[in-house]
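An overview of the molecular structure
The lines below spell out each chain.
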Amino acid sequence: MKGIYMKKLFICVLLVIFFGNTVSANVGFGPAEMYVTNNPDTHIIGNATLINGDDVGKYGVFQLMMPFSDKDTFQISNSEIMHARVLCNDCGKSMQRKDVSEYNHERLEGYCPVCQSDNLVFYDVLPRDELQMLSVIPSGGFHLKKIDDYTWVTEEKISPHGYCNINILYNSVDSYLPSYLGEHWEFHLRGKTKEGDGNDFITGGLDLRVLLSFKFPLDIELCSDVVKGEEFTVNIRVTDEKNSFYNELKKPVTVEFNGETKRTDSEGKVSFMMPESRFDYNYTVHVLESDLYLSENYVVSHGIQMFEKDFFGFFSFFQNIYVIISLCVIGVLSCIIILYIRKNYVWE
Ligand SMILES: [Zn+2]
């Protein structure tokens with residue numbers, strides 16, 4: 001009786017060793033870590049490569065995950081969250097919460113163990129709402145099908161020692177909530193390979209850490225006409241992808257124009273000199289990306305008037321001096337014609 005039991009145990013151990021090795025040793029998934037921000041233009045925030053290190057073709061599986069929390073209840077684990085990423089803004093040291101000196105869990109404060117700076121970025125667990133806005137698409141050669149919440153599998157097998165590239169997408173169009181300003185989130189993407197095309201999930205796989213800084217888009221509005229050799233002013237405001245609101249900047253931003261670099265004032269305004277030139281050229285007002293805001297460009301050229309480019313463009317029609325002169329001429333001519341008609345015709 002004891003002999004049969006030992007035999008069974010021995011086979012079990014063999015099976016675990018065998019499968020344990022084949023599952024984890026022959027998969028490559030990288031990069032291991034990526035720092036990204038939301039991207040209103042393409043929604044692509046990053047890309048990754050899954051390598052099939054086996055001698056047989058295998059399907060690739062990709063799964064988006066909220067880290068440090070229970071898979072079913074999404075409850076954050078107090079011990080797991082100590083592994084969340086922390087970045088020092090001064091010396092660039094990348095660490096985990098457990099490495100932070102005098103770490104305060106309530107206020108998310110502490111000191112860098114290397115340079116003692118308190119200028120630290122604490123990456124929090126991605127909100128569940130935002131996990132819904134993430135997806136994975138192939139970036140060439142493969143097709144992916146969604147088989148479960150946050151899970152995709154390749155429709156084609158990855159050839160032996162071949163690889164599959166994917167893009168990570170984040171649709172942030174409805175995510176511009178005031179409370180998200182300056183937020184930093186961590187989520188994980190697991191990559192693994194499997195032999196069958198059914199839902200026969202194998203455990204294991206490799207996790208990739210995605211560190212997302214959520215930034216708001218900016219809107220640049222002209223506050224004065226643009227004339228060669230004269231100063232013009234732009235107003236920079238916070239908006240969203242749909243331009244459905246405009247808020248004042250919470251922190252000044254750096255703006256470049258024609259080789260000059262300036263900071264916005266307390267009202268979010270900045271002025272630059274439009275260069276003198278014999279011909280008319282386009283010049284770009286460029287707002288640099290900051291820790292809270294995405295970069296933005298605005299093209300100006302000589303003769304552009306306030307309001308001309310935005311929603312009230314219609315009214316700028318009346319601001320044009322030639323239009324005003326034309327309207328005056330038409331008015332005067334109309335009066336003369338009316339007077340002429342009244343003088344020369346007898347009304348019955
Ligand atoms: Zn530091």
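Residues numbered from 1 in each chain as written. Predicted model: local features only at pLDDT ≥ 70, side-chain atom pairs only at ≥ 80, totals over all residues. Heavy atoms only, no water.

Some thoughts on the sheet that holds strand β1 (residues 27-30)
With antiparallel pairing, the 4 strands of this open sheet are ordered in space as β1-β3-β14-β11. Here the strands that pair on one side only, and so sit at the sheet edges, are β1 and β11 (134-138). Here the average twist between neighbouring strands, direction ignored, is 25°. When strand β3 (residues 44-52) meets strand β14 (residues 163-170), the two strands line up antiparallel, connected through 7 bridges. (Pairing = 2+ DSSP bridges. Helix = DSSP H or I, 4+ residues; strand = E, 2+ residues; numbered from the N terminus. Axes fitted to C-alpha atoms, helices over the stretch in contact; angles between N-to-C directions.)

Considering the sheet that holds strand β6 (residues 94-96)
Spatially, 3 strands are ordered β6-β5-β9 in an open sheet, and the strand pairing comes out antiparallel. Strands with a single pairing partner mark the edges of an open sheet, and in this sheet they are β6 and β9 (120-122). Adjacent strand axes in the sheet meet at a mean angle of 30°, parallel and antiparallel pairs treated alike. Pairing between strand β5 (residues 85-88) and β6: 3 bridges, direction antiparallel.

Focus on unusual backbone geometry
The linkage connecting Gly-30 with the following residue, Pro-31, adopts the cis geometry, with an omega of 0°. Here Pro-31 shows up in the loop between β1 and β2 (33-37). One non-glycine residue, Glu-102, adopts positive backbone phi at about 50°. Structurally, Glu-102 can be placed in strand β7 (residues 101-104). Exposure remark for Glu-102: the relative accessible area of 67% places this residue in the exposed category. A positive phi angle, near 65°, is found at Gln-116, a position not held by glycine. (Buried < 20%, exposed > 50% of the residue type's maximum accessible area, 1.4 Å probe, protein only.)

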